[in-house]
Amino acid sequence: MITPPPVNWLSLLPGLILTVTGLLILFWDLWMKPEERRLLAWLGFIGFVAAGIVSVLLWGRNESAFNGMLALDAYALFFNVIFCVVGAMTILMSVHYLETVEIQPGEYYALLLFATVGMVVMAAATDLIVIFLGLETMSIAVYVLAGMWIRRLQSSEAALKYFLLGAFASGFFLYGIALLYGATGSVQLDKIATAATTGGVSSLFLVGIALLIVGFGFKVAAAPFHVWTPDVYEGAPTTVTAFMAVGVKAAAFAAFARVFLHTFGSLHAEWEGILWVLAVLTMTVGNITALVQRNIKRMLAYSSIAHAGYLLIAMVAGRDLGGAALLYYLVAYGVMTLGAFGVVLAVGRQGEPNEEVSDYIGLGLRYPVLGAAMTVFMLSLTGVPPLVGFTGKFYIFSAAVQAGYIWLAVLGVLNSVISAYYYIRVVVNMYMYEEGGKTIEALSARPALVTAILLAAVATVFMGVFPSASISLAKESFLPPG
Amino acid sequence: MEHSHAALATVHAVSYLRFIVLFPLLGVLFNIFAGPRVGRRAINLVSPGVVLLSFFFSFAALLQLPPGGALVDTVYTWITAGRLQVDFALRVDPLSATMILIVTGVGFLIHVYSTGYMAHDEDVARYFAYLNLFTASMLLLVLGDNLLLLFVGWEGVGLCSYLLIGFWYTDDEKASAGKKAFIVNRIGDAGFLLGIFLLFWSLGAKGVWTLSFAEIQTHAGLLAVETVTVICLLLFVGATGKSAQIPLYVWLPDAMAGPTPVSALIHAATMVTAGIYMIARLHFLYSMAPTALAVVAIVGALTAFFAATIALVQTDIKRVLAYSTVSQLGYMFLGLGVGAYSAGVFHLMTHAFFKALLFLGAGSVIHAMSDEQDIRRMGGLKTKMPITYGTFLVACLAIAGFPGLSGFFSKDLILEETVASPHGSVVLWLIGTLTAGLTAFYMFRLLFVTFWGETRAPHEVAHHIHESPTVMTMPLVLLAVLSFIGGYFTLVPFLAPVFGGHHPAHVSALVKYLPTVAGLAGIGLAYQMYVRDPAMAERVAQRYAAVYRLLLNKYYVDELYDRFVVQPVVAASQWLWRVWDTVIIDGTVNGTAQTVAANGLLLRLWQTGNVQVYALSFLLGAMVILGYYLW
């Protein structure tokens, strides 16, 4: 008789909480009165908070489960907290938004939770197949989420495009896993790592790596695998865009960095060249294309591509410094991007999304708090001290310089300069012009959304001024090699 | 070397010092966000209130100060970079305790006074936001336990000074006075920063990576005397900017464009003393470098004399006070430069009292005279503004060194040390004594012309002259009391744990009494020239017309700077603008921007929206990567 392996339930707990909450939402939704549906949001919110708190409580346990397929190490927990915060913030931003765009809240919140379950698995996976499992769990939920704005044609288009190209990318990813299995005889990360250090690398191995780069490159929106991003980000409901830009990207980088920085760490010389080129290409394409965007969601989409480029710099720099910088920057990027999308939500409403950059003319004068928050996010995305975007870039570029990639850092800084143009333009529009555009109202600025925006703004400023705690946390989370 | 008394004996860790800085910052937030909405009454209550709270906490810190020790509040680790760790830590020792009490105490009175002075200004929330921000920055400057925090405060007060000088920014002249102050200070700051860098790197070269004062003091002995000399001189360049000494004093007289309470707080009592504080804080470095000390003393003495001569003939009430401030700061530097650090800080304190009082008194006069500042159109205010006059008189007596008042003690101490100290010299003493006479003369000239005699104001102005409201006269009275008795808080023993034990100087009777005699003579001469024989001033001016014009035009220093510094810089910038900027840079940038934007448009073409094209580009990318590995 085959005895099932012992199950380490504790290591599954954060994911389990999210799954159960998602299921509860689905069931409750069935016999809930339509006008009470807002309660689903708070149930989801509680689920995210609970999973986040459990992740914090599990800190330092460093468990391994399912015969080494999942690890509940500091690295995974660090990402769990990111995912749960992103999920909770997304819910805060969605409560009112769903009503304006007429999205069914039951499915929406459940899918949000299921997507997060996928992310949690991705961050904890120490096995290529499990990574793939998490990736698909997350992706499929997000494909649906992107298409939930049924009244908007672009939403369905976005979902379909994302799905088709995502399936395409999954093919590359799976094929890469297969080749790696062929080269090393295992799909477990530690065994692959051992094979890489002892057995040398065959070209089969290298092609496997290349295919994984393609697969991850798609999920993190690295050029030239980024082309889906603007269309999908623009078409999807704005809250989903925010969730994708931050959560999905963080999850993809979680797995990407675990595989490349830890497992393939000894093969750094084999992949740093490719990632160097991808980083430069991604930053440059993202920033330059963002310059000519008039739609703010599209601009933020290109901005998120550019930031994937900065994050790739941290990957290239590698080692402990690059890894810590990557983790820190993901947090930094997360809070400022969520905040920016929050402001976009606040000024949009049904039939009047107000997504053009020129719609922001005079906004800062009429809504001082909203304007101040948007200014903080834009300046932080540009990388202006003392905001978190600056500190994050500082750590990335200094990691690159210390690892000897001086040109990469120089190109990164030049790219930040280019980005100033389109970020600052929003601020200029908000404050320097009083007339010329249509006078939009921030009618959707409801308490939950405003809370989310303010939380993001405070975090952006706070972590920029007091970086020590979060950077040492990032270091600590990255250090124990998987 | 005098760093034997290096680290202070007992250091208590506390956690309430942060509130001293925090309260005024909360005031800033309140004024920015709630200010425009809550109305004048709330602003007038909160803005001075937060400073008063800081004063209470400062006083509590003074009471808890262990004898010969310090209190430290380490808020958090600010920066960790390699081997360098900088804490956000605040430190109260006798020196910073003195400073925070002055800043919060005098600052509070000036805040209260401002509520009356700015009662008719529409933008009072912005005014108090700046004033509170200034207070917080100044407190950070003196509380910071490392050079970096000091520098943050240093730049913060510079910024607030700029904002407040140009507070009425719609007036071009005032706005450009703000700019002048800022730019001149930047020149000083450049030197200051270089000094910090040099100190940091030369200590680093010895294996000590630190910016904390206590650690610098412990390890200062590692440095060569030449290095320390250069460091001290560079830091002193910063001090000449902030504390308005030759050659960078030119901004302070122009800074009088700001509201008068601002001149009292920032340009008399507190910010301009930042340079004094910085040198006193780093006294152990200066004591290692006698050459640097000599430079400080000579610049101080010359500035004291030079500014006093200009003050003799100025007719704008605030400008007289401004030059007087420059001159008195010169005294403080003289004190520091001869190694009498506690005497310098002592004069800093008494000066804060009487100069703040003089400025507030001047503000009261200006307020009553419908914004008139020219003393030739004043006169006869004695009876109409008795409180202002009485307090102004106390301040004049104090600054003139009249026996028994505060200025007498502190100024005499500096001059005695100038003779007695091993770093001193009789020549410097002589300059200082002569300046004491000049000081008494110009202050009493100001007093007599403004308050005595018949009024020379136009009828409609004279008609309105009235004593200021109680919120303005109360601070005057309190400051007058402090100016009177301030000299009896002898700071020397209190500061001894910081600067080391000091033996009272023994000097000859001539040295001891001549400055006082000079002061009394100055008062007498002013009485003769402006009360008994008013025509005499005119006669003297005509007799020495050339000297008079030279002084009236402030030695043409502004013109010289304009001709030899400003104009060449402007010409060079214009050339750079026309040729380098317009042709080369703009050409390149516009070219780049066009290229970039064109590329952006080009890249956008990639974004066809067609999913097959996307898949194709995806595939091509994948093939390139595969090709790279398989090649």
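For the structure itself, consult the block above.
Below is a summary of the structure that appears in this document. (Residues numbered from 1 in each chain as written. Chains lettered and ligands numbered in written order. Predicted model: local features only at pLDDT ≥ 70, side-chain atom pairs only at ≥ 80, totals over all residues. Heavy atoms only, no water.)

Digging into the overall build of chain B
Stage number 1. When you go through chain B residue by residue, the secondary structure sums to 26 helices and three strands.
Stage number 2. A buried classification covers 57% of the 631 residues belonging to chain B.
Stage number 3. The contacts in chain B between residues at least 6 apart in sequence include a share of 81% that link residues at least 24 apart.
Stage number 4. Per element, the accessible surface of chain B, about 25,100 Å² overall, is 68% carbon and sulfur. (Helix = DSSP H or I, 4+ residues; strand = E, 2+ residues; numbered from the N terminus. Buried < 20%, exposed > 50% of the residue type's maximum accessible area, 1.4 Å probe, protein only. Contact = heavy atoms within 4.5 Å. Areas by Shrake-Rupley, 256 points an atom, 1.4 Å probe, with all protein chains shown as cover.)

Examining the overall build of chain A
Stage number 1. Looking only at helices and strands, one finds 19 helices and two strands in chain A.
Stage number 2. The long-range fraction of contacts in chain A, counting pairs at least 24 apart against all pairs at least 6 apart in sequence, stands at 82%.

A short note on the side chain of Glu 372 of chain B
Residue and element names in this part refer to chain B.
Stage number 1. Counting through the fold element by element, Glu 372 comes out in the loop between helix H15 (341-368) and helix H16 (386-399).
Stage number 2. At 3.1 Å, the side chain of Glu 372 forms a polar contact with the side chain of Arg 377.
Stage number 3. Discounting chain neighbours no more than four positions away, the residues touching Glu 372 are Ile 366, Arg 377 and Met 378. (Polar contact = N/O pair within 3.5 Å; in protein donor to acceptor, adjacent residues only side chain to side chain.)

Focus on the packing of helix H4 (residues 124-143) of chain B against helix H10 (residues 260-269) of chain B
A pair of packed helices is captured by two measures, namely the crossing angle of their axes and the spacing between those axes.
Residue and element names in this part refer to chain B.
Stage number 1. Two elements in contact, H4 and H10, have axes separated by 11 Å at closest approach and are oriented at 10°. With respect to H10, the axis of H4 lies roughly parallel. For the pair formed by H4 and H10, the contact residues are Tyr 127, Leu 131 and Phe 134 on the first element and Pro 261, Val 262, Leu 265 and Ile 266 on the second.
Stage number 2. For the contact of H4 with H10, the residue count by class is seven nonpolar, no polar and no charged. (Axes fitted to C-alpha atoms, helices over the stretch in contact; angles between N-to-C directions. Parallel < 35°, antiparallel > 145°, perpendicular 65-115°, else oblique. Nonpolar A, V, L, I, M, F, W, Y, C, P; charged D, E, K, R; others polar.)

Topic: the sheet that holds strand S3 (residues 84-92) of chain B
Residues and elements named next belong to chain B.
Stage number 1. On the basis of which strands lie adjacent, the open sheet formed by three strands has the order S1-S2-S3 and mixed pairing. Looking at the sheet topology across the chains shown, the edges are occupied by strand S1 (11-13) and S3. Each neighbouring strand pair of the sheet contributes to a mean axis angle of 45°, computed without reference to strand direction.
Stage number 2. Pairing of S1 with strand S2 (residues 70-81) involves three bridges; the strand directions are parallel. Within S2, the position partnered with Ala 13 by the bridge is Val 72. (Pairing = 2+ DSSP bridges.)

Focus on the interface of chain A and chain B
Stage number 1. Between chain A and chain B, the contact holds 39 residues from the first and 29 residues from the second.
Stage number 2. For the pair chain A and chain B, the two sides together bury roughly 2,900 Å², of which 76% comes from carbon and sulfur.
Stage number 3. By the criterion of area lost to chain B, the three top residues of chain A are Val 227, Ile 274 and Val 292 of chain A, representing 18% of everything that side buries.
Stage number 4. Our count for the chain A to chain B interface comes out at zero salt bridges. (Buried area = accessible area lost by both parts, 1.4 Å probe. Salt bridge = Lys/Arg side-chain N within 4 Å of Asp/Glu carboxyl O.)

Some details on the packing of helix H6 (residues 153-184) of chain A against helix H26 (residues 611-630) of chain B
Stage number 1. Their axes nearest at 10 Å, the elements H6 of chain A and H26 of chain B cross at an angle of 20°. Here H26 of chain B runs roughly parallel to H6 of chain A, going by the angle between their axes. For H6 of chain A against H26 of chain B, the interelement crossing comes out right-handed. The residues of H26 of chain B that touch H6 of chain A, namely those facing Lys 161, Leu 164, Leu 165, Phe 168, Ala 169 and Phe 172 of chain A, are Val 611, Tyr 614, Ala 615, Phe 618, Leu 619 and Ala 622 of chain B.
Stage number 2. Counted by class, the contact of H6 of chain A with H26 of chain B contains 11 nonpolar, no polar and one charged residues. (Left-handed = near helix turned anticlockwise from the far one by under 90°.)

A look at the pairing of S2 of chain B
Stage number 1. Pairing analysis gives nine bridges linking S2 of chain B to S3 of chain B, with the strands arranged antiparallel. Paired with Val 72 of chain B across the strands is Arg 91 of chain B, a residue of S3 of chain B.

Looking at the environment of Thr 210 of chain B
Residue and element names in this part refer to chain B.
Stage number 1. Residue position: Thr 210 is located in the loop between helix H6 (172-205) and helix H7 (213-219).
Stage number 2. Judged by relative accessible area, Thr 210 falls into the buried class, the value being 3%.
Stage number 3. Those residues in contact with Thr 210, other than ones at most four positions away along the chain, are Leu 84, Phe 200, Leu 203, Glu 215 and Ile 216.
Stage number 4. Of note is the side chain of Thr 210, whose polar atom sits 3.1 Å from the side chain of Glu 215.

Topic: the layout of surface pockets
Residues and elements named next belong to chain B.
Stage number 1. For the second largest pocket, the calculated volume is near 880 Å³.
Stage number 2. Around the second largest pocket, the lining is made up of 31 residues, and of these Leu 312, Arg 445, Met 529, Tyr 530 and Ala 537 lie nearest the centre.
Stage number 3. Listing elements by their share of the lining of the second largest pocket, those giving two or more residues are helix H18 (426-451), helix H22 (509-532), helix H23 (535-543) and helix H24 (545-552). (1 Å grid on protein atoms, 1.4 Å probe; cavity = no way out; pocket = protein on both sides within 12 Å on 5 of 7 lines; lining within 4 Å. Points joined across faces, edges and corners; volume = space filled by probe spheres on them.)

Description of H18 of chain B
Every α-helical turn comprises 3.6 residues, leaving residues that sit three or four positions apart pointing alike.
Residue and element names in this part refer to chain B.
Stage number 1. Its 26 residues give H18 an end-to-end C-alpha distance of 37 Å, which sits within 8% of 38 Å, the value for a rise of 1.5 Å per residue.
Stage number 2. Within H18, 21 of the 26 residues are buried, which leaves the element mostly enclosed by the surrounding structure.
Stage number 3. Capping the start of H18, Ser 425 holds a side-chain oxygen 3.1 Å from the backbone nitrogen of Val 427, two or three residues further along.
Stage number 4. Positive backbone phi, approximately 70°, marks Gly 453, located one or two places after H18. (Expected span 1.5 Å × (residues − 1).)

Points about the nonpolar core
Stage number 1. Core analysis: the biggest nonpolar cluster contains 203 residues, and Tyr 286 and Phe 444 of chain B have the highest contact counts within it.
Stage number 2. Counting residues per element, this core draws most heavily on H15 of chain B, which supplies 18 residues.
Stage number 3. Beyond its immediate stretch of four places on either side in the chain, Phe 444 of chain B contacts Leu 393, Cys 396, Leu 397, Ala 400, Ile 523 and Ala 526 of chain B.
Stage number 4. Of all hydrophobic cores here, the second largest spans 202 residues; its members include Trp 228, Met 378 and Phe 478 of chain A together with Ile 625 of chain B. (Core = buried A, V, L, I, M, F, W, Y, C linked by side-chain atoms within 4.5 Å.)

What to know about the pattern of salt bridges
Stage number 1. Tallied over the full model, the rule gives 23 salt bridges over all chains.
Stage number 2. A cluster of three or more residues bridged by salt bridges with shared partners is formed by Glu 157, Lys 161, Asp 231, Glu 234 and Arg 298 of chain A.

Here's the deal with the packing of aromatic side chains
Residue and element names in this part refer to chain B.
Stage number 1. Evaluation of the coordinates by the stated rule reveals 68 aromatic pairs over all chains.
Stage number 2. Their ring planes at 50° and their centres at 5.2 Å tell us that Phe 392 and Phe 451 sit as a pair that is tilted. Highlighted residues: Phe 392 in helix H16 and Phe 451 in helix H18, separated in sequence by 59 residues. The burial state of Phe 392 is the same as that of Phe 451; both residues are buried.
Stage number 3. Ring geometry for Trp 452 and Tyr 527: centres 6.2 Å apart, planes at 90°, overall edge-to-face. Of this pair, Trp 452 sits in the loop between H18 and helix H19 (459-464) while Tyr 527 sits in helix H22, and the two are 75 residues apart along the sequence.
Stage number 4. By relative accessible area, Trp 452 is classed as partly exposed at 22%.
Stage number 5. The exposure class assigned to Tyr 527 is partly exposed, which follows from its relative accessible area of 35%.
Stage number 6. Over the ring of Trp 452 we find Lys 382, and its NZ or CZ is 4.1 Å from the ring centre.
Stage number 7. Sitting over the face of the ring of Phe 564, Arg 563 holds its NZ or CZ atom 5.6 Å from the ring centroid. (Phe/Tyr/Trp six-rings, centres within 6.5 Å; stacked < 30°, edge-to-face > 60°. Lys NZ or Arg CZ within 6 Å of the ring centre and 35° of its normal.)

Quick word on a nonpolar patch on the surface
Residues and elements named next belong to chain A.
Stage number 1. On the surface, a nonpolar cluster with roughly 840 Å² of combined accessible area is contributed by Leu 23, Leu 26, Phe 27, Trp 28, Leu 30, Trp 31, Leu 39 and Trp 42.
Stage number 2. Elements represented by at least two residues in the nonpolar patch include exactly helix H1 (9-30) and helix H2 (38-57).
Stage number 3. With five residues, H1 is the largest single contributor of residues to the nonpolar patch.
Stage number 4. By the element assignment, Trp 42 lies in helix H2.
Stage number 5. Trp 42 sits in the partly exposed class, given a relative accessible area of 34%. (Patch = residues over 30% accessible without salt bridge, like charges linked within 9 Å, V, L, I, M, F, W, Y side chains within 5 Å.)

Looking at the side chain of Thr 473 of chain B
Residues and elements named next belong to chain B.
Stage number 1. Position of Thr 473 relative to the elements: it lies in helix H20 (residues 470-485).
Stage number 2. Among the residues examined, Thr 473 registers a relative accessible area of 6% and is labelled buried.
Stage number 3. Dropping the residues within four chain positions of it, Thr 473 is found in contact with Ile 387, Glu 467 and Ser 468.

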